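Analysis of the macromolecular model
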Amino acid sequence: MPERLIVIGAGYIGLELGSVWARLGSRVTVVEYLDRILPGTDGEIARVALQIFRKQGLEFVLGARVTGARVDGESAVVEIEGREPLTADRVLVAVGRRPHTEGLNLESAGVALDARGFIGVDAHHQAAPGVWAVGDVVGGLLLAHKATDEGVAVAERLAGGAGHFDPEVIPAVCYTDPEIAGVGRTEEQLKEAGVPFRKGVFGFRSNGRAMALARAEGRVKVLAHSATDRVLGVHIIGPRAGDLIAEAAAAMAFGASAEDIGRVCHAHPTLSEVVREAALAAFDRPLHG
């Protein structure tokens, strides 16, 4: 086990693996090119996550451009533009993935690739006449469950069915401790698009089940359209966030409002009560806020 570990990339994979090594006893430093962690995640949730991870002992170097890495004796040295180099026993590179489409002669089948090598598909995942593509090679969220649902939808269409797939309702989970999960749009995306919204936030510190589990850090955030109250996004950091996000995804798939979630009776004591409280807060009728 490395005494010192440098992780390059503060995305899902970098933080998942980095936090595992930190729990095993390594001194972990995470280096990220951006000035924040978890790119694409709701900014508020990412800031809470950064605070929690720092309390757990992870160190972060943000806004840092890595220019190279080399071996120096028994150590690894990471060069950073405009900063002193970092030294560790091992370096873990987690800066994203790319599709393995090179050399497959896809052009001969009429399949077009974009500049990054991803396969272009239409709304039905058709890449060319008689050719369909799903999963990581078509871009978007590079997640196993997204690829599975795309594959099911294509199979259903080939069998004459409807083949439903909604790319706007795909939950994503970062399996750190605590877990981080989200579905739908973030607060930053809504602001950029000029969509009027309300947000409701409720913490796990007020939840009896979370306190009993000694896992009371984190919060649930519900974003709802300010005019229609339709849920536009739900973002969670806290215990069992990867399980709790399923309720939000189901609600969004059926076009539910924040009030709809809030009026559903949730068992007590459960972690899901925090989702209900956040939804009620977005609807401006919190029970315990």
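Let me sum up the structure you'll find in this document. Starting afresh in each chain, residues are numbered from 1 along the sequence in its written order. Predicted model: local features are reported for residues with pLDDT of at least 70 only, side-chain atom pairs are reported and counted for 80 or more only, and whole-chain, interface and lining totals are derived from all residues. Think of the side-chain values as coming from all heavy atoms in the structure, minus any hydrogens and water.

With respect to the sheet that holds strand β4 (residues 66–72)
- The criterion for strand pairing is that DSSP finds at least two bridges linking the strands in question. The helix and strand labels rest on DSSP assignments: H or I over at least four residues marks a helix, E over at least two residues marks a strand, and numbering proceeds from the N terminus. Read from one edge to the other, the open sheet built from 3 strands follows the order β4-β5-β6, with strand pairing classed as antiparallel. Among the strands making up the open sheet, the edge pair consists of β4 and β6 (86–88). Direction aside, neighbouring strands of the sheet carry axes that sit 20 degrees apart on average.
- Bridge count for β4 against strand β5 (residues 75–80) is 6 bridges, and the pairing is antiparallel. When the bridges of β5 are listed, Val66 appears paired with Ile80. All axes here are fitted lines through C-alpha atoms, helices being fitted over the stretch that makes contact, and every angle between N-to-C directions spans 0 to 180 degrees.

Let's talk about unusual backbone geometry
- In this model, Asp177 is joined to Pro178 through a cis peptide bond whose omega is 5 degrees.
- With an omega of 0 degrees, the peptide bond running from His268 to Pro269 counts as cis.
- Structurally, Pro269 can be placed in the loop between α7 (258–263) and α8 (272–282).
- Phi is positive for Leu38, which is not a glycine, with a value near 55 degrees.
- You can see Leu38 is positioned in the loop between β2 (27–31) and α2 (43–55).

Examining helix α1 (residues 12–24)
- Here, expected helix span is obtained from the residue count minus one, scaled by 1.5 Å. The terminal C-alpha atoms of α1, which comprises 13 residues, lie 19 Å apart, in line with the 18 Å expected from a rise of 1.5 Å per residue.
- Burial classification: accessible surface area is computed with a 1.4 Å probe over protein chains only, and a residue below 20% of its type maximum counts as buried, one above 50% as exposed, and the rest as partly exposed. All of the buried residues along α1 are Gly14, Leu15, Glu16, Gly18, Ser19 and Ala22.
- In what follows, residue pairs with any heavy atoms lying within 4.5 Å of each other are defined as contacts. Close packing links the buried residues of α1 with β1 (4–8), β2, α2, β3 (59–61) and β10 (172–174).
- Gly25 occupies a position one or two residues after α1 and carries a positive phi of about 120 degrees.

Brief notes about the pattern of salt bridges
- By convention in these notes, a salt bridge is any Lys or Arg side-chain nitrogen within 4 Å of a carboxyl oxygen on Asp or Glu. Per the counting criterion, the structure on display carries 18 salt bridges.
- Note that Arg240 is salt-bridged to Asp243, the shortest N-O span being 2.7 Å.
- Asp243 gets classed as partly exposed once you look at its relative accessible area, which sits at 46%.
- Across the salt bridge formed by Glu259 and Arg263, the nearest N and O atoms sit 2.6 Å from each other. Of this pair, Glu259 and Arg263 both sit in helix α7, separated by 4 residues, roughly a single helical turn.
- The exposure class assigned to Arg263 is exposed, which follows from its relative accessible area of 56%.
- Look at the salt bridges and you will find they share partners, linking Asp42, Glu44, Glu187, Lys191, Lys199, Arg219 and Lys221 into a network.

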